[in-house]
Amino acid sequence: MGLNREANHGLLQLIFQVTFWFRLVMLNFHLHKYPLISRSGKLNRIIYESDNGELNKIVLNDLPGGLEAFELAAKFCYGMAVDLTAANISGLRCAAEYLEMTEDLEEGNLIFKAEAFLSYVVLSSWRDSIIVLKSCEKLSPWAENLQIVRRCSESIAWKACANLKGIRWAYTGKPPKASSPKWNETKDSSPSRNSQVPPDWWFEDVSILRIDHFVRVITAIKVKGMRFELIGASIVHYASKWLPGLIKDRTGTPPMDDSDGIRRNISSGNDGSSSSSSWKGGLHMIVAGSKDDHQTVQAKDQRMIIESLISIIPPQKDSVSCSFLLRLLRMANMLIAAPALVTELEKRVGMQLEQATLADLLIPSYQKSETMYDVDLVQRLLEHFLVQQQTDCSSPNRVSFCDKQMQEGTQQRGGTNAKMRVARLVDSYLTEVARDRNLSLIKFQVLAESLPGSARTCDDGLYRAIDSYLKAHPILSEHERKRLCRVMDCQKLSVDACMHAAQNERLPLRVVVQVLFSEQVKISNVIANSTLKEAATGDPCYQPLVSNRKALLEGTPQSFQEGWAAAKKDIDTVKFELESVKTKYLELQNEMENLQRQFDKTTKQKPSSSWTSSWKKLGKLTKMNGTESQDIGAQLPADQNRKPPRRWRNSIS
């Protein structure tokens, strides 16, 4: 039987000896009827169950595998030799299932032969498993229902988790000068002991898969027990290929490269439409709306990739870097990913926020917001970080008492160091976003006060942020400037920061006074400590005090001394006002106590006669006169001060 191909108005026409006519996606196949119905249950049923017994035309528009699979199936029906390869086996298997080419019609039918090739040839090869899984992208849902995707994913996962010393199959991600042996090579051609297989050898081959198939492979690899660091690294590698601009120093090369051996085998026999915008399904990756423009479709594809990658990131803390998570969060907010996944990603970032950098934390506000950067997002990340720190400190562990004490000490030091790093990061972030004129004072203050006071040993970074905010917002009132400066502890400022604050006209006067007073306290403490040290060695106290004070003042910068002299009057005024307020307070307190005692006496006093009350008043006056005459009596001579004896009245009786 001869096979002729003729071009007719741009359409490829396959002409056999004609007795039956098929129309399949703009191509006409003229084939014999009986060779087809003898091996295809579907064609047999269509022909003999039709109302018109003279049916000679069948339209097959939903045949999986397309033209190539139907041509191979037709050749098999005619008894011609069919070359089964990894590139065409998945489409041929789905087409055989569609045409119902089972063993009930003929022994050794196409379904049986395709299954045997898949089980014994494809699944035993790393390279063929990748190729078949890649070719299943256009065969949904047939490839899923026939378990082709599941079997290939498990085969890839099993080989990816194999011992590195036992790897004998070819892979793409090998070093350029090193040669990798094939799967079925003999022991004589095995790699030498010096040539080591890198642990990430499977990243490059797996990264060419579509996102839903990549998720299936990574899920199977997790079940096999691979280390979470390698799983996270494979996710980062996949994101660098399919999300242009996510990873730094990447030019956004397309994920398909014809120079690769596997990709050449995948692209052979395809119609070339292997871009991500041509996805037709698979798991939850369904793109609808073919009328959208290219940018909209590409945004949908990227959103699907981001949501899928977030869902498969290992839950361990250091599985991926915090920088990668923040860049992924930036794209998720830009593409409006699912809120639940974005919240989960924010929690992951909060777990390792101490590893972040300022450049990654400056995420623009893509939603309707007045600020340039998403300050609310950073506030949520900081809250997740504090919750995680509290959870780590309070989590119970079943260890011995000594180990528990050591572990608690280590966790406490680690938590303190993490909080200090986050505090420096937040101060740098506040300094950067403070230049935004639309940033409200409340947001700035809330973000600055989110961390506990123990997280900052020095408030110089916070002072720089406050100064930047005051520069960008010159119209703040005196009350608002005082409230802004409350977030800063003047006692934690360095000498340079105190010098700058003493001359800073943007700060409130009270804050300047506090800065100078705290610096004076520091100087006094230094002098006192040095005096105590000198006294402990047996030296006199007064002379070292003067010499140390002079040396300390001589070492003080001139600008600071001038600032101190200018503000000394203000300090004295504040002290005088404080003393006056204290005096008035004591006077009022005494008056209040007197009134309280008088009130208590009046409430507790019993009713008495006028004679008794008169005697009580007379007794009070006598006491007052006695106290007043003590001074006069002390000046008189002793004989004058002596009272005459009391004369008793003689009784008449």
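Residues numbered from 1 in each chain as written. Predicted model: local features only at pLDDT ≥ 70, side-chain atom pairs only at ≥ 80, totals over all residues. Heavy atoms only, no water.

A look at the overall build of the protein
Here is step 1: Along its length, the protein carries 28 helices and five strands.
Here is step 2: For the protein, the proportion of its 653 residues judged to be buried stands at 38%.
Here is step 3: Counting only contacts in the protein whose residues sit at least 6 apart along the sequence, the fraction spanning at least 24 positions is 69%. (Helix = DSSP H or I, 4+ residues; strand = E, 2+ residues; numbered from the N terminus. Buried < 20%, exposed > 50% of the residue type's maximum accessible area, 1.4 Å probe, protein only. Contact = heavy atoms within 4.5 Å.)

Description of the packing of helix α8 (residues 148-160) against helix α10 (residues 211-224)
Here is step 1: As a packed pair, α8 and α10 sit with axes 8 Å apart at the nearest point and diverge in direction by 50 degrees. Between α8 and α10, the crossing angle belongs to the class labelled oblique. In this structure, the crossing between α8 and α10 has a hand that is right-handed. On α10, the residues that touch V149, R150, S153, I156, A157, W158 and A160 of α8 are H213, R216, V217, A220, I221 and K224.
Here is step 2: Across the contact of α8 with α10, the residue classes break down as eight nonpolar, two polar and three charged. (Axes fitted to C-alpha atoms, helices over the stretch in contact; angles between N-to-C directions. Parallel < 35°, antiparallel > 145°, perpendicular 65-115°, else oblique. Left-handed = near helix turned anticlockwise from the far one by under 90°. Nonpolar A, V, L, I, M, F, W, Y, C, P; charged D, E, K, R; others polar.)

What about the nonpolar core?
Here is step 1: Among the nonpolar cores identified, the biggest contains 116 residues, and W202 and L309 are the most heavily contacted of them.
Here is step 2: Judged by nonpolar contacts, the second largest core, of 24 residues, contains I58, L60, L63 and M101. (Core = buried A, V, L, I, M, F, W, Y, C linked by side-chain atoms within 4.5 Å.)

Focus: empty space enclosed by the protein
Here is step 1: The final tally for this structure, using the stated rule, is two cavities of 30 Å³ or more.
Here is step 2: Around the second largest cavity, the lining residues are L36, S40, L43, F70, A73, A74, C77, L99 and M101.
Here is step 3: If you tally residues by element for the lining of the second largest cavity, the top one is helix α3 (residues 66-77), at four residues.
Here is step 4: For the lining of the second largest cavity, the per-class residue count stands at eight nonpolar, one polar and no charged. (1 Å grid on protein atoms, 1.4 Å probe; cavity = no way out; pocket = protein on both sides within 12 Å on 5 of 7 lines; lining within 4 Å. Points joined across faces, edges and corners; volume = space filled by probe spheres on them.)

Considering the packing of aromatic side chains
Here is step 1: Counted according to the given criterion, the structure contains six aromatic pairs.
Here is step 2: Measuring from centroid to centroid gives 4.7 Å for W202 and F203, while their planes differ by 90 degrees, and the two rings are edge-to-face. Just as W202 is buried, F203 falls in that class too.
Here is step 3: An aromatic cluster is present here, built from F214, Y238 and W242 joined pairwise through their rings.
Here is step 4: We note R39 situated over the ring of F76; from NZ or CZ to the ring centre the distance is 4.8 Å. (Phe/Tyr/Trp six-rings, centres within 6.5 Å; stacked < 30°, edge-to-face > 60°. Lys NZ or Arg CZ within 6 Å of the ring centre and 35° of its normal.)

Considerations on the side chain of D459
Here is step 1: In this fold, D459 is placed in the loop between α19 (441-448) and α20 (460-472).
Here is step 2: Here the side chain of D459 touches D489 through a polar contact of 2.9 Å, landing on its backbone nitrogen.
Here is step 3: Residue contacts for D459: discarding those within four places in its chain leaves M488, D489, K492 and L493. (Polar contact = N/O pair within 3.5 Å; in protein donor to acceptor, adjacent residues only side chain to side chain.)

Digging into unusual backbone geometry
Here is step 1: A cis amide bond, omega 0 degrees, links S140 with the succeeding residue P141.
Here is step 2: Among the structural elements, P141 can be located in the loop between α6 (126-135) and α7 (142-145).
Here is step 3: Of note in this structure, Q147 is not a glycine but carries a positive phi near 65 degrees.
Here is step 4: Mapped onto the secondary structure, Q147 falls in the loop between α7 and α8.

Observations regarding helix α14 (residues 322-334)
Here is step 1: In this model, α14 (13 residues) spans 18 Å end to end at C-alpha, consistent with the 18 Å of a helix rising 1.5 Å per residue.
Here is step 2: Extensive coverage of α14 is indicated by the burial of eleven of its 13 residues.
Here is step 3: C322, S323, F324, L325, L326, R327, L328, L329, M331, A332 and N333 are the residues of α14 that are buried. (Expected span 1.5 Å × (residues − 1).)

Everything listed here is a matter of coordinates, which is why it stays silent on function.
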